[in-house]
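# Close look at the chain arrangement
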Amino acid sequence: MKDTWLNIIKGDRASFLKLYDTIYTPLFHYGMTIRRDRELVKESLHILFCELWERRERLPQTKVDPKFYLFTWLKRIIIRQVEIPHSQIEDLLHEPAEDSIEEQRIAIEQVMDMHERLQRALDKLTKKQRRYIQWRFFEERSYEEIAELDNASVRTVYNVIYEALKRMRGDIAILQAIILIFSK
Amino acid sequence: MLDRTVEKLISDHSFVNYCLSKNEEDSAYWNQWLAQHPEQIDVAEEARRMVLLLVDRPTEEEFQMERARLLNHIMGRGKTVKPRVRRLWKPAVAAATLLFMGVISYQVWMHRQDSHLVTSSNIEWVAQHVPDKKMMHVALADGTLVKLFPGSNFSYPETFLDSVREVRLDGGGFFEVQHDEDIPFVIHTAELSVRVLGTSFNLQAYDTDNQTKVALFHGKVLIAHNGQEKYLSPGQAYVWDKNTQSGQIESFDVAQERQVSDGLLVFDHAGYDEVARQITRKYGVKWKTDVPVKIQFSGTIDQESLQDVLNHLTYTTDYRFTLQQNTVHVQQN
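Report on the accompanying structure.

Thresholds applied
- Residues numbered from 1 in each chain as written.
- Chains lettered and ligands numbered in written order.
- Predicted model: local features only at pLDDT ≥ 70, side-chain atom pairs only at ≥ 80, totals over all residues.
- Heavy atoms only, no water.
- Helix = DSSP H or I, 4+ residues; strand = E, 2+ residues; numbered from the N terminus.
- Buried < 20%, exposed > 50% of the residue type's maximum accessible area, 1.4 Å probe, protein only.
- Contact = heavy atoms within 4.5 Å.
- Areas by Shrake-Rupley, 256 points an atom, 1.4 Å probe, with all protein chains shown as cover.
- Salt bridge = Lys/Arg side-chain N within 4 Å of Asp/Glu carboxyl O.
- Expected span 1.5 Å × (residues − 1).

When helices and strands are counted, chain A shows nine helices and zero strands. Helices and strands in chain A line up, N terminus first, as α-α-α-α-α-α-α-α-α. Relative to its 184 residues, chain A shows a buried fraction of 52%. Pairs at least 24 apart in sequence give 67% of the contacts found in chain A among residues at least 6 apart. If you sum the accessible surface of chain A, you get close to 8600 Å²; carbon and sulfur atoms cover 48% of it.

Written out as structure tokens, the structure is:
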């Protein structure tokens, strides 16, 4: 990650995209915990990466892992874009002061790790299971809608999703992995 | 009360609603349930986190569109546009429309590489998938502009060789090729190759379609197909039919073909499969039928709503086309 970052500062687009591909989903997830609004989060991420690229020469050659920097940056952009009541802004801005930098760093590592594991778990599913999980959760469709979409019975859809979740859960072992700032 | 497993909870629609604070009824129910079953709190918490982890992910399409949009922005040659920073977010402004705001420069790298055309080891190939319902603009390193049609897969090198400019297309596109007599521009498709010398044309070459069509507006192209070579002049189209394995050069309606690159669909005695395929690309629907559908459809579809299109099909054929939950149901009358 550090090398990628240094290459980005030098203007290497391939490294920039590598960072984008690795970190987009965890950042998206984090953005959604601040504000559950997909369009807003996508817009904020767009701004984040545009700014990152435009300011690449002036980026800090950070001592700590740059990931951390991006999560905080995203949070600032989201806050800048929405009218969050003042008290809540205070909460959001002060929160880092309460957790130590180190704690946050660990939290971010864990979210990255979780998404990686989720991706691996998804990759292990059958095509059908993956499709149903995507419809049910990423697109928030109901069982009835999925049944309709795939010419299946609601019972079948339920069973497929249930089995998929069971399979994934072992891979993710989620309970231990989640951390204060992300479990708002 | 029987134990709930994490999977059971996540599979429960009402529990998911509760996690997402969708409605008061489910929230009230689950809050009460948790109050009554304090021993289940850990399980419920794990389930809740997993739900959020699953829901708070971008879909593949969202990721692709956003990625293309960003690249579009940062690769914008010469022109730096400040990102829109707004104090007040207006959801009405769909992110996707930005993508098409007359941006000329457009370059995309993809992580899933299509590399069978790599002729020089140092050149990175870029693969771009266009989701159904979307069009995308791509500007190539030589200044060539391509407008890709829905459902296309296009691969191209980040920079071109000095000897030949090669790209690969499974899908459709409008090409405006930068003129360069010395370096030919070649588009490889499943069925044939098109060799170009500074020109503009439509190419429709979806691997799944029966027909491959090159319609030339300006300039000159050379089509290499089954060991034979054919030149096209402006106003001429080469049409290859996979089923009959026959190809011919014919004239075409220039005005109509121009509209094709704006999303017009043209059908000429098209069968059910073709109609369904094309409508799927444009409108992103699925199809369901229990009977063999024998239709021959001729006509065009432009900016009509999907419902209008289906009504039209119903009136002009012996079948009923109805839309339910994004699936078109076809029934015999």
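Pairing between side chains becomes possible if they bear opposite charge and their charged atoms approach one another. Considering all chains together, one arrives at 18 salt bridges over all chains under this definition. The salt bridge partner of Lys42(A) is Glu62(B), with a shortest N-O separation of 3.2 Å. Of the two residues, Lys42(A) sits in helix α3 (residues 38-54) while Glu62(B) sits in helix α5 (residues 60-74), which places them in two different chains. For the pair Lys42(A) and Glu62(B), one class covers both residues: buried. For Asp262(B), the salt bridge is made with Lys147(B), and the minimal N-O distance between the two is 3.0 Å. Placement of the pair is Asp262(B) in the loop between α7 (254-260) and β12 (265-270) and Lys147(B) in strand β3 (residues 145-148), with a sequence separation of 115 residues.

The next subject is helix α7 (residues 127-138) of chain A. Residues and elements named next belong to chain A. Here α7 spans 15 Å end to end across 12 residues, near enough to the 16 Å set by a 1.5 Å rise per residue. Every buried residue of α7 is listed here: Gln129, Tyr132, Ile133, Trp135, Arg136, Phe137 and Phe138. Of the residues trailing α7, Glu140 is marked for its positive phi of about 50°.

Everything listed here is a matter of coordinates, which is why it stays silent on function.
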